[in-house]
Amino acid sequence: MERQGTLGHLAALVTILIWGTTFISTKLLLTVFQPVEILFFRFLIGFFALLLICPRRLTGTDRRQELTFAAAGLCGICLYYLLENIALTYTFASNVGVMISISPFFTAMLSHFVIKDGEKLRGQFFIGFAVAMTGICLISFSGARLELNPIGDLLAVLAAFVWACYAVLTKRISSFGQPILLTTRRVFLYGMLFMLPTLFFFDFQWGFARFADPKNLFQILFLGLGASALCFVTWNFAVQVLGAIKTSLYIYMVPVITAVASVLVLHERVTPLACVGIVLTLTGLLLSERRTTAKEGKTNGLPE
């Protein structure tokens, strides 16, 4: 069980390491693709990659389980990314980064008060949340002016809440006893189906000629195979092993990884204030992670 817990943490860490660098690929692709085009293509590639790896059909599901898959696809694949992308058109990326980082708090609240799955929150979780959010603010707003944009900021908060819904739905899906590859693929399918109507509103273009450029092809494959197919499987595995709350805490690391990647890849300058923010964010993660729940060991089959 202890080994499984270690694998769960490793899966969450790998996921976040990749998700924290996806902004580079997205930023490069935005010069020739619209946000909704990047979103649809990456999950289309991810779906077929999972189908190729495991061509088996998902069988033995009932109506309630299919509704859960559909809800997860709507929240984690369709609404979250659409809300995040639309928010970026109204407000600054720094604002969105901070707002999205609230999702572990929403996950904890939904798990404890709505789902009532036995995970008891402790004061240390809230202290860690406050410390991590302080660090994230320092990273995001370091060298930038803080400006509130009500529409964009509200959309980003909604995106964080929607991702929290996806997290608790993923935990519910893990109890079905179905292979993670197959359930993730089913969630992708529902997510893309929900996404289809939105393509008409955002002037979606197939434009396959754009993939003739090796750079564009590499970036979209990275998003489809790495950030989608691989990362959603590893994330769902982490949720299954660690629980929704513990896994969601790794989201605190996204701004840290983004800041480091900006320095290494885009050669951006990191300020002393951002360095302090990185330390505070990691400290907050450790505080929240340590014995986050009183019954977590019993709930997830792991020792306390």
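Residues numbered from 1 in each chain as written. Predicted model: local features only at pLDDT ≥ 70, side-chain atom pairs only at ≥ 80, totals over all residues. Heavy atoms only, no water.

**Examining the confidence of the model for the chain**
Taken over all residues, the pLDDT of the chain has a mean of 85, while the share at 70 or more is 89%. This stretch, residues 292–304, has a pLDDT under 50; its non-local contacts, to residues over four places away or in other chains, come to 36 contacts. (pLDDT = per-residue confidence, 0-100. Contact = heavy atoms within 4.5 Å.)

**Topic: the packing of aromatic side chains**
Overall, the coordinates contain 32 aromatic pairs when judged by the stated rule. Taken together, a centroid distance of 6.4 Å and an interplanar angle of 50 degrees make the contact between Phe41 and Phe208 tilted. Here Phe208 lies in the loop between helix H9 (180–199) and helix H10 (214–242) and Phe41 lies in helix H3 (residues 35–53), a separation of 167 residues in the sequence. The exposure class assigned to Phe41 is buried, which follows from its relative accessible area of 3%. Judged by centre distance (6.0 Å) and plane angle (70 degrees), the rings of Tyr166 and Phe232 are edge-to-face. Within this pair, whereas Tyr166 is found in helix H8 (residues 150–174), its partner Phe232 is found in helix H10, the two being separated by 66 residues in sequence. (Phe/Tyr/Trp six-rings, centres within 6.5 Å; stacked < 30°, edge-to-face > 60°. Helix = DSSP H or I, 4+ residues; strand = E, 2+ residues; numbered from the N terminus. Buried < 20%, exposed > 50% of the residue type's maximum accessible area, 1.4 Å probe, protein only.)

**Topic: the nonpolar core**
The biggest cluster of nonpolar side chains holds 86 residues, and the ones touching the most others in it are Trp19, Phe43, Trp163, Tyr166, Phe232 and Trp235. For Trp163, the residues in contact, after removing those within four places along its chain, are Trp19, Gly76, Tyr80, Ser103, Phe232, Trp235 and Ile251. (Core = buried A, V, L, I, M, F, W, Y, C linked by side-chain atoms within 4.5 Å.)

**Quick look at unusual backbone geometry**
With a phi angle near 55 degrees, Asp203 is a residue other than glycine that sits in the positive phi range. Examined against the element boundaries, Asp203 turns out to sit in the loop between H9 and H10.

**Structural notes on the pattern of salt bridges**
In this structure the tally under the stated criterion is two salt bridges. The shortest N-O distance in the salt bridge between Glu37 and Arg210 comes to 2.8 Å. Remark: Arg210 occurs in the loop between H9 and H10 and Glu37 occurs in helix H3; sequence separation between them is 173 residues. Note on accessibility: Glu37 and Arg210 belong to one class, buried. (Salt bridge = Lys/Arg side-chain N within 4 Å of Asp/Glu carboxyl O.)

**A word on the environment of Ile16**
Considering the arrangement of structural elements, one finds Ile16 in helix H1 (residues 2–19). Its relative accessible area of 0% is what places Ile16 among the buried residues. For the pair Ile16 and Val254, spaced 238 residues apart in sequence, the C-alpha to C-alpha distance is 6.3 Å. Sequence-distant contacts of Ile16, that is, excluding residues within four places in its chain, are made with Trp235, Tyr250, Ile251, Met253, Val254 and Ile257.

**Points about the side chain of Arg186**
As for its position among the elements, Arg186 is in helix H9. Since its relative accessible area comes to 18%, Arg186 is described here as buried.

**Details of the packing of helix H4 (residues 63–90) against H9**
In the contact formed by H4 and H9, the axes pass within 7 Å of each other and the chain directions differ by 55 degrees. The angle between H4 and H9 places the two elements in the oblique class. For the element pair H4 and H9, the recorded crossing hand is right-handed. Contact residues: Glu66, Phe69, Ala70, Ala72, Gly73, Leu74, Ile77, Cys78 and Leu82 in H4; Thr183, Arg186, Val187, Phe188, Tyr190, Gly191, Phe194, Met195 and Thr198 in H9. (Axes fitted to C-alpha atoms, helices over the stretch in contact; angles between N-to-C directions. Parallel < 35°, antiparallel > 145°, perpendicular 65-115°, else oblique. Left-handed = near helix turned anticlockwise from the far one by under 90°.)

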